[in-house]
Number of protein chains: 2
Amino acid sequence: MSLDSFDRALLDAVQRDATTAQHALGEQVNLSSAAVNRRLKKLTADGVIRKTVALVDPASVGYSLTVITEVQVENERLDLLDAMKRTFMACPQVQQCYYVAGEYDFVLIMQVKHMEQYTELTRALFFESNNVKRFNTLVSMSNLKVGLEVPLLA
Amino acid sequence: MSLDSFDRALLDAVQRDATTAQHALGEQVNLSSAAVNRRLKKLTADGVIRKTVALVDPASVGYSLTVITEVQVENERLDLLDAMKRTFMACPQVQQCYYVAGEYDFVLIMQVKHMEQYTELTRALFFESNNVKRFNTLVSMSNLKVGLEVPLLA
DNA sequence: TCTGAAAATGGACCTTT
DNA sequence: AAAGGTCCATTTTCAGA
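Residues numbered from 1 in each chain as written. Chains lettered and ligands numbered in written order. Predicted model: local features only at pLDDT ≥ 70, side-chain atom pairs only at ≥ 80, totals over all residues. Heavy atoms only, no water.

### Thoughts on the overall build of chain A
Helix and strand content of chain A: 5 helices and 5 strands. For chain A, the succession of helices and strands along the chain, N to C, is α-α-α-β-β-α-β-β-α-β. In terms of overall size, chain A is more extended than a compact globule, its C-alpha atoms giving a radius of gyration of 20 Å where 154 residues would be expected to give roughly 15 Å. Taking contacts inside chain A between residues at least 6 apart in sequence as the whole, the part at least 24 apart equals 63%. As displayed, chain A has an accessible area near 7400 Å², and 51% of this comes from carbon and sulfur atoms. Once the 16 positive and 18 negative side-chain charges of chain A are each reduced to a mean point, those two points are 5 Å apart. (Helix = DSSP H or I, 4+ residues; strand = E, 2+ residues; numbered from the N terminus. Rg over C-alpha atoms; globule rule 2.2 N^0.38 Å. Contact = heavy atoms within 4.5 Å. Areas by Shrake-Rupley, 256 points an atom, 1.4 Å probe, with all protein chains shown as cover. Lys, Arg positive; Asp, Glu negative; His and termini not counted. Charge placed at Lys NZ, Arg CZ, Asp CG, Glu CD.)

As structure tokens, this is what we get:
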């Protein structure tokens, strides 16, 4: 399951654009299209490629507000933390959720339609939780860079 | 450029899995494969679908650490902010970058190989900037939910 | 690596509202 | 006009030799 430089070059190409035809990828990295096909298949089977997805522009579908929320919990009991994790993950407006070390315990990246929807969600997610000590809201004025790319050539 | 329920259903499907064949998508939403093809093409041309990409598992390629950094600037002069934005965006380990309102000015999501690499990057990105007042580091212990999906059915 | 079969894409054309 | 459906050529994928 070790990756050579061909694999890295392929991963780098498809994480930028997964619509490129395999023969074109082959030209870029100097492999036959069959070799490209085999490698991509293996990378997917091995889980190196988690999935292939279309990135939808949030603003185009009415989600024009990105909010980052830091959450500090009251009690770190495992069952309570687990319940919170599940609540956060189940919320479709919570696009990303990280369990972090430091002053705060969770960082959420949320996509909402407008401020009211966020206010509503804070009620459901934080006020009604009974285990949130406090939370801090950072409103994004500009999403300068959004992606899930991993450095592969550096 | 308005989206009907067919468009929404298609977007929802492809943002989960863009490898689904168009005829299969057509069955799911009750359209012919040609209609699916036309709609997806238009959604892409209109920028509703920003791009189609493969999601690479960071850990599989040696990037096993996710760090979230909040950055407060010293001086909000536009040219200085702009220079910072460019520096952040140009760094491949900075996967996401948000310009936010509140106590801090930037939030960065970074993918690094290990703590040393992060330490090195803080030097390059923050200490050498001359315009960073302070920064706060949140180390992710668990990436509970990672994605860029937008709620489309809710 | 090459070849070829099966599948998917995407355009042309006609029909419906 | 705008959008759907059917049909068909072209391209792409992907397995076996």
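### Considerations on the environment of Leu31(B)
All names here are of chain B. When you line up the elements, Leu31 lands in the loop between helix 2 (22-29) and helix 3 (33-45). Between the C-alpha atom of Leu31 and that of Val139, which follows or precedes it by 108 residues, the distance is 46 Å. Discounting chain neighbours no more than four positions away, the residues touching Leu31 are Phe6, Gly26, Val36 and Arg39.

### Thoughts on the domain arrangement of chain A
Each domain of chain A was delimited in the assignment, giving domain 1 (5-45) and domain 2 (58-139). For domain 1 of chain A versus domain 2 of chain A, the separation of C-alpha centres amounts to 37 Å. (Domains from an automatic or database assignment.)

### Let's talk about the packing of aromatic side chains
All names here are of chain A. On inspection of all chains with the given rule, the structure shows 10 aromatic pairs over all chains. Where Phe127 meets Phe135, the ring centres are 5.6 Å apart and the plane angle is 75°; that geometry is what we call edge-to-face. Residue classification places Phe135 among the partly exposed positions, given a relative accessible area of 24%. The rings of Phe88, Tyr99, Phe106, Phe126, Phe127 and Phe135 are connected pair by pair, giving a single aromatic cluster. Sitting over the ring of Tyr99, Lys85 keeps its end group 4.9 Å from the ring centre. (Phe/Tyr/Trp six-rings, centres within 6.5 Å; stacked < 30°, edge-to-face > 60°. Buried < 20%, exposed > 50% of the residue type's maximum accessible area, 1.4 Å probe, protein only. Lys NZ or Arg CZ within 6 Å of the ring centre and 35° of its normal.)

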